[in-house]
Structure formats: C-alpha cells, structure tokens
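The residues making up each chain are set out below.
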Amino acid sequence: MSATSVETASKKPRVQRDSIFQTVPYWAPAAVAMLVLIIITVIQDPGFFIAGSWQLVLLYASPLIVLAMAQVPVLMSGGGGLDLSVGPAAGLIAAIIGGLMMPLGITALPVLLLIAIGFGLINGVLNGMLVAFLRVPPIIATLATYLIYGGLALQLLRSPVGVNTSIFGWFYSTSLGIPNMLLVIVVLALLWGLLVRTAYGRNLKAVGSNDRAAYTAGINVTGVRFVAYIVAGFGTGIAGMLLVIVLGGADATVGEAYTLKAIAAAVLGGVSLLGGRGGVVGAAIGGLLIFLIQNYLTATGAPSYVLQIAFGVVLIAAIVVNGGWEFLRTKGGRR
Amino acid sequence: MKDEMRMSETKRDDYLVSLLVEAHRYGNTLAIQQCSIEILPGEVHGLVGENGSGKSTIVKLLSGIIKPTSGSLMVSGEELVFANPSDAQRHGINTVFQETLISDGNTAVENVFLGVDGLFKRAKKDSVEREKAIEFAERLGYDASLFRRPLHTMSVADRQVLTLIRSLARPWKLLILDEATSALDIQTRDRLFDIIKEYKHEGRSVLFVSHRMDELEILIDRATVQRSGRLIGVVDKAEATPERLISMMSGDLHSSNYVHQHAQQTEGVVPETKVSLRDVVLVPGAAAFDLDVRSGEILGIAGLEGQGGSSLAETIAGVRLPASGQVALVAAPGGEDRSIRSQRHAFKHGIAYVPAKRQEEGLFAPLSVAQNFIISTIESISMLGFFRKKKLEAATWVYMDKLSVRPRDTAVPVSQLSGGNAQKVLIGRWLNAKPSVIVLNDPLRGVDVGTKRQFYRLITDLAAEGVSVVMLSTEIEELLLISDRIAVCRQSSVARVLEGEARTQQEILSAMFGVLEMAADQPEGDFA
C-alpha cells in the first residue's frame, strides 16, 4: 500500500518553546498577590516581621487555610463538586472537642486529634455517599449537611466555652523561628502530595477534567468522587481541632462564616471550579491571602462592610486573573 | 469467501463475542429489538446502518456503557453482564469512540493509561508506561515527541491517536472502532488498518463501525447490517459490496411505494427564490456550495449525523454564520437582497427556525402551552406593554385547533405534554409569526406515527400557501414522502441536490455515504 510509505516526517509536531505561562505553576498569580499584600502590610506596620505578629497572623489564619485546602479534592473532582459543609462541620467538631470531650476530662492531644479526624471522616463519608452514590448535586447535598451540622452544633453547645489551652502550647510556639502552625500546614500539604503521587492523583484530574473520558477509559468515577469528599472530611476534622486551639475554646456559631471564605480562598489560589486543575498549595496561599486582606483592613480601622466589599472585589479579580492565565497558558491552543 | 457449511454449524460458543438483544429501551423509546451480533475470533466485523439503526446501542452494550435490559452477552463462551466500561475491558473488549475522549488535566501518557490503575494503586511504573506508549505511537507513524507536547497544542487527529493507543496498549481480544477513524489523518488510518491485519492473524477481532463504504470494503471479513433498530442480515466479504450494503440498509423494497403528494399541487406556479446561498462554506476546510430555497417548496435536508445537515439548517435560519460565502434573503424584484446577520435578523425578515432539541432549545417546560406559544410574537397580543389575555387565548386556540394539540387546554405546563404535542406547540409558535420561510431541524424525531401524518398535512398545506419549508430529517422515507427537493449533506457540504425522479432512497444513501465519489475520486490501488 503506497500510503504506508509516507514519511513520518510530516507528522513531526512543531517544536514549541514553552512560554512563561506554561512553565509557571497555576498558583503563581495568588503567590504574587500574597507577596504584594505582605509588602503593603509591612509598610503599614513595620514591626510585622520583627515583633512576631506574622506568626500570630499565621496562627489565626490556619483554620481558614486548612479548610481551603480541604476544598481542593472536591473542587478538582468536577461535576459541580464543592463542599459547603466544611465550615459548620469544623464548627461542630470544635464544639464536640471543646464543649464535650475536654470538659469530660479527655485532654490527651493525640486522642482529641483522632476524635476530630474521626468525625471529619464521618462527615466526608456522608457527603461522599450523597454526592457520588446517590448522585445528589454537590451544592444541595452539602447545603443539607451544612444546615444539619450548624443545628447540631448549637444543640450541643448553647453558649461559647473556654478550654484549658495549656495542652496546645506547642501550636502557639515556634521551632527555630518557624511557627509550628506552619509545620502543620506543610505536613498536610506533604500528605496531599503523597496522595496525588498515587494513581489517585491522575484519576482525580481525569474525572475532574472529563468524566466521560475517565469513565469510558475504565476509571471508577464514583469511587474517585467518594474519596474526594472523604479527603475533604479529613481536612475538616483537622480544621475543627485547629479552631479549638486558635480560639482557646469552642463556639457553635463560628463555623458557618468559614465555608464561603474557604471556597473563595481555593478559587483565589487558582483551583478551577470546573474541576481538574488545582492543588493545596494554591488553596493555602489563597487562604492566607484572604486572611491578610482581613488583617490589613482591620489594622487600618476599616469598618466590617468594607471588608465584605474587599472580599467580593478580590474574588472577582481572582476569577478574571486565573481565567486570563489559563487562556494565556493554552493560547495558540488546539489546531 | 467463508465456507458456508462451516458457518452454518458455528455454535454460540465458537464466537469470540455473541450478543443477542430482544429489546433495548431508553425510557419509553425503543432503541433496538431482535438484534444480534456475533463476532468470530480473528475477523474484522463491520457494523453498518443509517442514523438511528441502533449501531451505537450495540456498541454501548458491548463496551459496558449501558446495561442490557434484556438479552444475553457471551464472551468466549462465558455468559457475562458488564456493569461498567472497566468490566468490558477486563474481558478484553476495548472501544475507541468517535468523540475524542481526552482529559485535558492529564498528560498525554497519563491519558493513554487512564483506567488501568486501581483507585490508588498504580499498575505500571512511569517509565514502563512511557515506553509502551511510545511503542504504539511509533507503530501508528508517530514518535516519542507526541508525548512531550502539551495536550492543548494537539489537533483532534493527535488526540484521537492517544485514545487509539489507549485501547491498543491494554490487553484486548476485541477492539471496537466506533466511527473512530473519521478524526484520524489518512496516513495514520492506513497504518492502523495494517496493524489490524496483523492482529487478525493473532486471532484478535475488530468490530468496525463506519459509514465509509471504502473503508469497510477493504477491511471487513463479514458485516452485520441494521435498520431501524432491527437486524437485517449478516453478509460475507464477497457480498459486502457498497451497493449491496446500501440496499440492505435502505430496505429499498418498499421505497417505491411512496407517492409524492405535494409536487402535483404546486405545479404550474413559478417558484421564486426566497433565500440564496452562494459559495457557502459551512466549516473551515469544507467544500463550497450554492443552494436556493424557493417559495412554496419543501426542501428536505438529508445526511448522516455530523455531516453538516444540522449546520446547513442553522445557516439558512441565521442561527450560525457560514465560514465564508453569502446567505441572503432575496427581495422582491426591485428590492435589495440582504445578507442574513443573525437569527433575530432572519426572524424579522420572515425566517422562522424550529430547533432540534425542543426541550433544551425551544420550549420553556414549566410555562403553560399558551405562554410557550406566544413568546416569540408577544408584541402581537400586547398593548402598551400590557399582556392581553383574551387575545392570547384567541391566538393560541387558532393553532390548538389547526394542529389538534392534546390536551385541549392552554393552561397546562408544556412539560406535561407528550413529545409530539410539545412539538406542535413549538411549531405553532413560529407559524403565528406568519413566516415566509420556516426551517425545521429534525422536527419529528421521537414523534408517533399519527402525529407525523398530521405534520405532513400541515407542512404540505404551508407549502401550498407559498411558504418555503426547509426540513431536516434523519428518516429518508419521510423526506421522500413530502419534500420536492432533497439536499444531501456530506463532509459538511451539500453533496447533491436530488429532485424529481432522482429522489430515490438508493440515490440519497449513495450520496450520503459518498459511494459515487468513491469511484470517481479513488486513485488506483489506494483508498484515499
């Protein structure tokens, strides 16, 4: 057959020089924004790095950072995946730890941590079953659990309580000048890194990018999505524990406000709401970014409504910037 | 070619794959009934049929995408039920689909090995995967550089090569190519065909679904022909000539019985051109064509799915603009022709468009019949911006009666109407605008026979009143029954326009499948 003798040379692709947009990671715009914000903060408060206030900022930002990280697997799993329940779930877990377990005299940190993670996993299994097996749209399924957890937390803890924070000392201190809270976040990021180095990482990206392609190729789409919610539940459990540590107590109403900020943080960090693209590094940076904005505006004495407006504006900017980034990255696109 | 005696004695166990389906339904729609497909080890088996013949249902059943509602599947003598595509793959059935199913979030190598791993456990090391992917890429005429490129720089052909390698690089006994070759470039396709011949000698089989008669002719050993969801027959290579396959697909025995009712009615009237298409190119790279839509005619549009029929209907109605060329409204003598700029513009000048997906693109399911009916001509029943209910009722009832919509109640939500009645409401909406051209994009899909008859009446009446009707249909019989001229689309262009005596099922199918071009275009000994 004459056609088979056609040279393969014609098939050789144009050698493409990688543009800057293809080599730089997805979270680069968020990282740049974070640096700018840190500089602004330092100008406004020159003692920021010297007086140790940045360690404090990181401490207070940690629940939001971890919840933003928890959004990553569900957002990446596509199909409208997101977890609205993370805020109230963390709030409920904080109430269980600070309002129930610690008053009962359970003060061993590893036990408390295990309890928090255990409840987080239960929450993840519940959300995952609703979404992956019963095919309830994620926004509805997790709105339902959002409401349930909020109610349960109030039932459990009518008024805020304080706890003995002496057992949490390690979290408030630093090792070699690095706040231990940063280590916690780094360890969580490393755990995520381990997870995505297994087959799960590519399965998650495939399911999130094109679930039909994933399904026909033989990927267990239901299983991948189920696991995504369980991983989010794990993060929520950790965040619940951190709430108790950071607040030095438990408050049933504190969780709800975290949900939308966590989703906003993940989006700020370059995680795609459409699935397939993202990672916890971006989400963590996004979480810190939101907290820095809050910190800066509060320090300058701006009223709370300005804060709200600022979040909205930043979120829109983030979506535009990340969309533009993605466009530049794929420019020249498909031929 | 095959020994007739041996064939007739083949037991079900001797087949590599044997699928018998009594009936398969999607909701209330019967997709296939009394179908079977039996594939021998080491053969390339063709599966042919027009649109709606049930080919894709067979492929989906074999590849585990849908679960059978009745019937039985045997693979190498073992009775099986596939729960999902990974089940089918485990039993050695890999499928390459027409759509290039690629995940843009993964790398090229990852795309090849999607689904091979467990949820967490990797099946192969990166280096092994890479090596294997490159090996198959080379066999298809590509090289390792394919896997160094970002996915978003890849053409559809390159992406399809990845899905092809995906199916080749994991173990298989039966490879299903579901119109998978249409996205490939010719060199790759030829290499694939060579590889298939090698695999055949190893005793592996291929199910080749294609509407390319030339490809079928050179590749297949046997073919199963389906029509309207039923098995028509199985033919050997010797019998599987394009002419024979087409006549089996078309069931030409009854096609001559159709009487063209409409042509007689309009004879003697000099038709004027309403819309003219000049040098129109529907999608970049397709062939240019001219076409006129004349007053008082029914212009049918035929073509296999994805061959440009729907694009042509949309282009005439201004829903989409052609890649190049001119689509113009022809004015009365003395007036000036206007090129169509948009659907809104076309509608303002008398071109109505009834979309194909009536639920998604046409109807507002929760709104009432009357509201759905009036939505495009709301000015006609409002006064100073206020809605005049009585006028709405009156206007609606004219068409409720004319189209005999059931139930006879204008207040029920459209979502409660049957498919046929919902379609009537949609068509009534556009008729109320008194268009001079009405473009119907596959209006009768999934509509029952009784309603169809009413539609034929309605459409021929409209044409008799001087309205130009453009109607796309996937059913050739339907087009033969009512249309004056039939534009047959192929490769995103109008391949032929058939009128008068030339409008036979055979001619339409030949044009649809490009049988005539084949003989003319084919260079010696090649099948490009």
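All chains use their own residue numbering, which begins from 1 and follows the written sequence. Numbering of ligands from 1 and lettering of chains from A proceed in the order in which they are written. Side-chain atom pairs in this predicted model are given and counted only at pLDDT of 80 or more, local residue features only at pLDDT of at least 70, and totals for whole chains, interfaces and linings cover all residues.

### Details of the overall build of chain A
When helices and strands are counted, chain A shows 14 helices and 4 strands. What you see for chain A is a C-alpha radius of gyration of 22 Å, in line with the 20 Å of a compact globule of 335 residues. The principal-axis extents of the C-alpha atoms in chain A amount to approximately 85 × 50 × 40 Å. With C-beta atoms placed from the backbone, a residue counts as buried when 20 or more other C-beta atoms lie within 10 Å of its own, as exposed when 12 or fewer do, and as partly exposed for counts between those limits. Here chain A, with 335 residues, has 48% of them falling under the buried criterion. If you take every contact in chain A between residues at least 6 apart in sequence, the share linking residues at least 24 apart comes to 80%. In this description a helix means any DSSP run of H or I spanning at least four residues, a strand means any run of E spanning at least two, and both kinds are numbered starting from the N terminus. Each radius of gyration reported is based on C-alpha atoms, and the globular scaling rule is 2.2 Å times the count of residues to the power 0.38. Two residues qualify as being in contact provided that their C-beta atoms, derived from the backbone, are within 7 Å of each other.

### Overview of the overall build of chain B
When you go through chain B residue by residue, the secondary structure sums to 20 helices and 22 strands. Classification of the 528 residues of chain B by burial places 47% in the buried group. Partitioning the intrachain contacts of chain B with sequence separation of at least 6 by distance along the chain shows that 70% fall at a separation of at least 24.

### Examining the environment of G235 of chain A
Residues and elements named next belong to chain A. Structurally, the position occupied by G235 is in helix α11 (residues 221-247). When the 30 C-beta atoms within 10 Å are taken as the criterion, G235 is described as buried. Considered as a pair, G235 and P63 are 172 residues apart in the sequence and their alpha carbons are 9.7 Å apart. Beyond its immediate stretch of four places on either side in the chain, G235 contacts V66, L67, M69 and A70.

### What to know about helix α19 (residues 505-513) of chain B
All names here are of chain B. Judged by how many residues are buried, α19 sits mostly within the fold: 7 of 9 residues are covered. Taken together, the buried positions of α19 are occupied by Q505, I508, L509, S510, A511, M512 and F513. After α19 finishes, the residue G514 shows a positive phi value of roughly 70 degrees.

### Regarding the sheet that holds strand β14 (residues 324-329) of chain B
Residues and elements named next belong to chain B. Spatially, 4 strands are ordered β12-β11-β14-β15 in an open sheet, and the strand pairing comes out antiparallel. Looking at strand neighbours, the two that pair on one side only are β12 (289-294) and β15 (338-339), the edges of this open sheet. Two strands are said to pair when DSSP picks up at least two bridges between them. Summarising the sheet, strand β11 (residues 273-281) and β14 pair through 5 bridges and their orientation is antiparallel. Residue R278 lies in a different strand from β14, and its bridge partner there is Q326.

### Here we look at the environment of A283 of chain A
On the secondary structure map, A283 of chain A appears in helix α13 (residues 280-299). Not counting the four nearest positions on each side in its chain, A283 of chain A is found in contact with A68, M69, Q71, V72, A265, A266, G269 and V271 of chain A.

### Observations regarding the nonpolar core
General note: in soluble globular proteins, nonpolar side chains tend to be found buried as a group. Note on terminology: a nonpolar core is any set of buried Ala, Val, Leu, Ile, Met, Phe, Trp, Tyr and Cys residues joined through C-beta atoms within 7 Å. In terms of nonpolar packing, the biggest core is built from 240 residues, with V439 and V470 of chain B touching the most fellow members. Among the elements that make up this core, the one with the highest residue count is α11 of chain A (18 residues). Every residue in contact with V470 of chain B, bar those within four places of it in the chain, is listed here: V293, L299, I301, A313, I316, V437, V439 and L440 of chain B.

### Focus on the pairing of strand β20 (residues 468-472) of chain B
All names here are of chain B. Within β20, 5 of the 5 residues are buried, which leaves the element mostly enclosed by the surrounding structure. Judged by which residues are buried, β20 turns out to be covered on both faces: S468, V470 and L472 on one side and V469 and M471 on the other are all buried. Sheet topology note: the strand β13 (residues 298-303)/β20 ladder contains 4 bridges and is parallel. Its bridge partner lying in β20, G300 is registered against M471. Looking at chain direction, strand β19 (residues 437-441) and β20 are connected through 5 bridges and run parallel. Bridge pairing links V439 to V470 in β20.

### A closer look at the sheet that holds strand β10 (residues 230-236) of chain B
All names here are of chain B. Read from one edge to the other, the open sheet built from 6 strands follows the order β6-β7-β8-β3-β9-β10, with strand pairing classed as mixed. Across the chains shown, the open sheet's two edge strands, defined by having one partner strand only, are β6 (93-96) and β10. Across this sheet, the average inter-strand angle for adjacent strands is 20 degrees, counted without regard to direction. The pairing of strand β9 (residues 222-227) with β10 spans 6 bridges and is antiparallel. Each residue of the ladder has a partner; that of V225, found in β10, is G233. Here an axis means a line fitted to C-alpha atoms, over the contact stretch when the element is a helix, while the angle between two N-to-C directions is reported on a 0 to 180 degree scale. Of the strands in this sheet, β3 (44-48), β6, β7 (174-178), β8 (205-209) and β9 are in contact with helix α2 (residues 55-62), which crosses β7 at around 145 degrees. Against the sheet, helix α9 (residues 242-250) engages β3, β9 and β10, with an angle of about 30 degrees to β9.

### Comments concerning unusual backbone geometry
Residues and elements named next belong to chain B. With a phi close to 50 degrees, Q34 is a non-glycine residue in the positive phi region. Tracing the backbone shows Q34 in strand β2 (residues 29-39). Residue Q34 is classed as exposed on the basis of its C-beta count, with 12 C-beta atoms lying within 10 Å. Its identity is not glycine, yet E179 carries a phi of approximately 55 degrees, on the positive side. Turning to its location among the elements, E179 is positioned in the loop between β7 and α7 (186-201).

### What about the packing of helix α2 (residues 28-44) of chain A against α13 of chain A?
Two quantities define a packed helix pair, namely the angle between the axes and the distance from one axis to the other. Residues and elements named next belong to chain A. The interhelical angle for the contact between α2 and α13, taken along N-to-C directions, is 25 degrees, at an axis separation of 9 Å. One finds that α2 runs roughly parallel with respect to α13. The hand of the α2/α13 crossing is left-handed. Across the interface between the two elements, A30, A31, A33, M34, L37, I38, I40, T41 and Q44 from α2 touch G282, I285, G286, L288, L289, L292, I293, N295, Y296 and A299 from α13. For the contact of α2 with α13, the class distribution of residues is 14 nonpolar, 5 polar and no charged. Note on angle classes: values under 35 degrees are labelled roughly parallel, values over 145 roughly antiparallel, values of 65 to 115 roughly perpendicular, and the remainder oblique. Here is the rule for handedness: rotate from the far helix to the near one, and if that takes an anticlockwise turn smaller than a right angle the crossing is left-handed, while a clockwise turn gives right-handed. Three classes are used: nonpolar for Ala, Val, Leu, Ile, Met, Phe, Trp, Tyr, Cys and Pro, charged for Asp, Glu, Lys and Arg, and polar for all others, with Gly counted as polar.

### Observations regarding helix α8 (residues 180-197) of chain A
Here α8 of chain A spans 26 Å end to end across 18 residues, near enough to the 26 Å set by a 1.5 Å rise per residue. Of the surrounding elements, those touching the buried residues of α8 of chain A are α3 (53-76), α7 (169-172), β3 (178-179), α11 and α13 of chain A. Expected span of a helix, by definition, is 1.5 Å for each gap between consecutive residues, and there is one gap fewer than residues.

### Focus: the confidence of the model for chain B
Residue and element names in this part refer to chain B. In predicted models, pLDDT denotes the confidence assigned by the predictor to each residue on a 0 to 100 scale. In this model, chain B carries a mean pLDDT of 83, and residues with pLDDT of at least 70 account for 87%. Below pLDDT 50 for its whole length, residues 1-8 participates in 5 contacts with residues either more than four positions away or in separate chains. Of the regions scoring below 50 in pLDDT, residues 518-528 engages in 11 contacts with residues more than four places distant in sequence or in other chains. Scoring of the predicted complex yields 0.75 for pTM and 0.85 for ipTM.

### Some words on the packing of helix α12 (residues 256-268) of chain A against helix α14 (residues 304-329) of chain A
Residue and element names in this part refer to chain A. Two numbers describe how α12 lies on α14: the axes approach to 9 Å, and their chain directions differ by 35 degrees. In terms of crossing hand, the pair formed by α12 and α14 is left-handed. Where α12 abuts α14, its residues A264, V267 and L268 lie against F311, V314, L315, A318 and I319. Along the lines of polarity and charge, the residues of the contact of α12 with α14 split into 8 nonpolar, no polar and no charged.

### A look at the pairing of β9 of chain B
Residue and element names in this part refer to chain B. Within β9, 5 of the 6 residues are buried, which leaves the element mostly enclosed by the surrounding structure. Pairing between β3 and β9: 4 bridges, direction parallel. Paired with L47 across the strands is T224, a residue of β9. Between β9 and β10, which follow one another and run antiparallel, lie 2 residues, and S228 among them has a positive phi close to 50 degrees.

### Some remarks on the environment of V161 of chain B
By the secondary structure assignment, V161 of chain B is in helix α6 (residues 156-168). If we skip the residues at most four places from it in the chain, V161 of chain B touches L140, Y142, L184 and T188 of chain B.

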